[in-house]
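Report on the structure
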Amino acid sequence: MLRPWAAHWVAAVLLCRAVAQYSSDQCSWRGSGLSHESHRRDVEQVYLRCSQGSLEWLYPTGAIIVNLRSNIESSPGHMSGLHVCIKPQVYSQGSHVYLEHAGDLRLLLAEKDQAQGTVHCFSLAEGVLFVEAIPQADISRRITAFQYELVPSQGPAMHMFPYLQPGLAGSGVFQGVAPGTNKHSMATVTLRRLFHQKSRVFAWGGARGRSWSGRINVPAQCSVRPGGDEYLLTGSVHFGEAWLGCAPRYKDFLKLYIQVQNAGTNPCQVDTN
C-alpha cells in the first residue's frame, strides 16, 4: 500500500521532476545529500550498468532511485530473468530501502536491519530500488551504503543459496563449525586440492603447509563433521564469501567418476534412479 508521503516521491518521478545523479561510474556510485540541501524533496536518479558494484550515499536527504542494469547487451526477456542481491554495510543508516514498481512501494530493508549485513535478493522484474532518507535534525553521521550483484535466476548450485554463480572447486577437510543462522553456518576448511576459485577466498599455506585454508558458508541442512574425511567442495563466491552446497566425500566422488568413465557414460547423464 502506497503511503501518502511516499506518493509525493513517486509523483515526482512520474512528472519528470527527478534529476540525474552527479558522481558515478558504470559500476559504483558515491554521492552526498548536501548537494541538494535546498531541495529536500527531490527524487534523484542513479544509473548503474554493471554486474556488481556498490553505492554510498553520504548525508542522505530526499530520495534516490537506483536503476540497475547489466553491462552486457541482452534482450528484455533476459533482463527480466536477472536477480539483484544487495548486502548493506554494517555502518549503513539514515534511510529505508524499498522496491518501486508501477507507483507502489514495498519495504525491502528497514534502517534498523541494515547493521546485520544480511543479503537480500529480488528479481529485476519486481522493480527498481527506491532509497528514502529518514528526516533527521543532524545528518552529519548518516551514510547509506551497500554492495550489489546482478546474477541469473537459474544455474549451478541454486539449491544451496539463491542466485549464485559458480566460483570455486576443490577438496578438503572441515576443521570447525561456528554457530550460525537457521539457514547456514560458517565453517573453516583446509583444502588439499584447489581446482578453481573465482577470487582469493582461500589463502595458500606456503611451502610447508602445502594447502589452502579459508572460511565457507554451508547450508544448515548439510551435516558437517570436522576432521576425518576429505570432501569435494564446489560452490560460489558471493560478496567476497564462499558459499557451498552439501558435499560428497571425495573418495566417493572419485569412485563414481571411475565407474562412469569405465562405462563410457557422460557424467552429466548418470542415471541416479
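- In the nomenclature of an unreviewed UniProt entry, the protein chain is known as Meteorin-like protein of Astatotilapia calliptera.
- In its Subcellular location (unreviewed entry) section, the UniProt record describing the protein chain reads: "Secreted".
- UniProt lists a comment for the protein chain under the heading Sequence similarities (unreviewed entry), and it reads "Belongs to the meteorin family."

What about the sheet that holds strand S9 (residues 120–123)?
- Spatially, 5 strands are ordered S2-S4-S11-S6-S9 in an open sheet, and the strand pairing comes out mixed. The open sheet has two edge strands with one neighbour each: strand S2 (29–32) and S9. Strand after strand, the sheet turns through a mean of 20 degrees between neighbouring axes, direction not considered.
- As paired elements, strand S6 (residues 82–88) and strand S11 (residues 143–152) share 7 bridges and run antiparallel to each other. Within the sheet, the bridge partner assigned to lysine 87 lies in S11 and is glutamine 147.

Regarding the pattern of salt bridges
- Counted according to the given criterion, the structure contains 8 salt bridges.
- Its salt-bridge partner being arginine 30, residue glutamate 56 comes within 2.7 Å of it at the nearest N-O pair. In this pair, glutamate 56 sits in strand S4 (residues 52–58) while arginine 30 sits in strand S2, placing the two residues 26 residues apart along the sequence.
- Between aspartate 113 and lysine 112 there is a salt bridge whose closest N-O contact spans 3.2 Å.
- The partly exposed category is assigned to aspartate 113, whose relative accessible area is 26%.
- Three or more residues are tied together by salt bridges with common partners; here these are Arg192, Arg193 and Glu230.

Details of the state of the cysteines
- All told, the structure shown has 2 disulfides when counted by the stated rule.
- Through a disulfide, cysteine 27 is tied to cysteine 50; the S-S separation comes to 2.0 Å. Disulfide cysteine 27 to cysteine 50: torsion about the S-S bond roughly 50 degrees, handedness right-handed. Of this pair, cysteine 27 sits in the loop between strand S1 (19–20) and S2 while cysteine 50 sits in the loop between strand S3 (43–49) and S4, and the two are 23 residues apart along the sequence.
- A relative accessible area of 24% places cysteine 27 in the partly exposed class.
- The class of cysteine 50 is buried, set by a relative accessible area of 8%.
- Covalent S-S linkage joins cysteine 85 and cysteine 121, the inter-sulfur distance amounting to 2.1 Å. On the S-S bond that ties cysteine 85 to cysteine 121, the torsion sits near 105 degrees, and the link is right-handed. Placement of the pair is cysteine 85 in strand S6 and cysteine 121 in strand S9, with a sequence separation of 36 residues.
- What makes cysteine 121 partly exposed here is its relative accessible area of 27%.

A closer look at empty space enclosed by the protein
- Evaluated as defined, the whole model comprises 1 cavity of 30 Å³ or more.
- Considering only enclosed or pocket space, the largest cavity measures out at about 30 Å³ in volume.
- Residue lining of the largest cavity: Val66, Leu68, Arg69, Phe122, Leu124, Gly127, Val128 and Leu129, and that is the complete set.
- Those elements that provide at least two residues to the lining of the largest cavity are strand S5 (63–69) and strand S10 (128–133).
- Ranked by residue count, the leading element in the lining of the largest cavity is S5, at 3 residues.
- Of the residues in the lining of the largest cavity, the class split is 6 nonpolar, 1 polar and 1 charged.

Digging into unusual backbone geometry
- Located in the positive-phi region is tyrosine 59, a residue other than glycine, with phi close to 45 degrees.
- Looking at the secondary structure, you find tyrosine 59 in the loop between S4 and S5.
- At alanine 102, a position not held by glycine, the phi torsion is positive, near 50 degrees.
- With respect to the secondary-structure elements, alanine 102 resides in the loop between strand S7 (95–101) and strand S8 (104–109).

Rules used throughout
- Residues numbered from 1 in each chain as written.
- Predicted model: local features only at pLDDT ≥ 70, side-chain atom pairs only at ≥ 80, totals over all residues.
- Heavy atoms only, no water.
- UniProt positions renumbered as here; feature names shortened; annotations may be inferred.
- Pairing = 2+ DSSP bridges.
- Helix = DSSP H or I, 4+ residues; strand = E, 2+ residues; numbered from the N terminus.
- Axes fitted to C-alpha atoms, helices over the stretch in contact; angles between N-to-C directions.
- Salt bridge = Lys/Arg side-chain N within 4 Å of Asp/Glu carboxyl O.
- Buried < 20%, exposed > 50% of the residue type's maximum accessible area, 1.4 Å probe, protein only.
- Disulfide = S-S within 2.5 Å.
- 1 Å grid on protein atoms, 1.4 Å probe; cavity = no way out; pocket = protein on both sides within 12 Å on 5 of 7 lines; lining within 4 Å.
- Points joined across faces, edges and corners; volume = space filled by probe spheres on them.
- Nonpolar A, V, L, I, M, F, W, Y, C, P; charged D, E, K, R; others polar.

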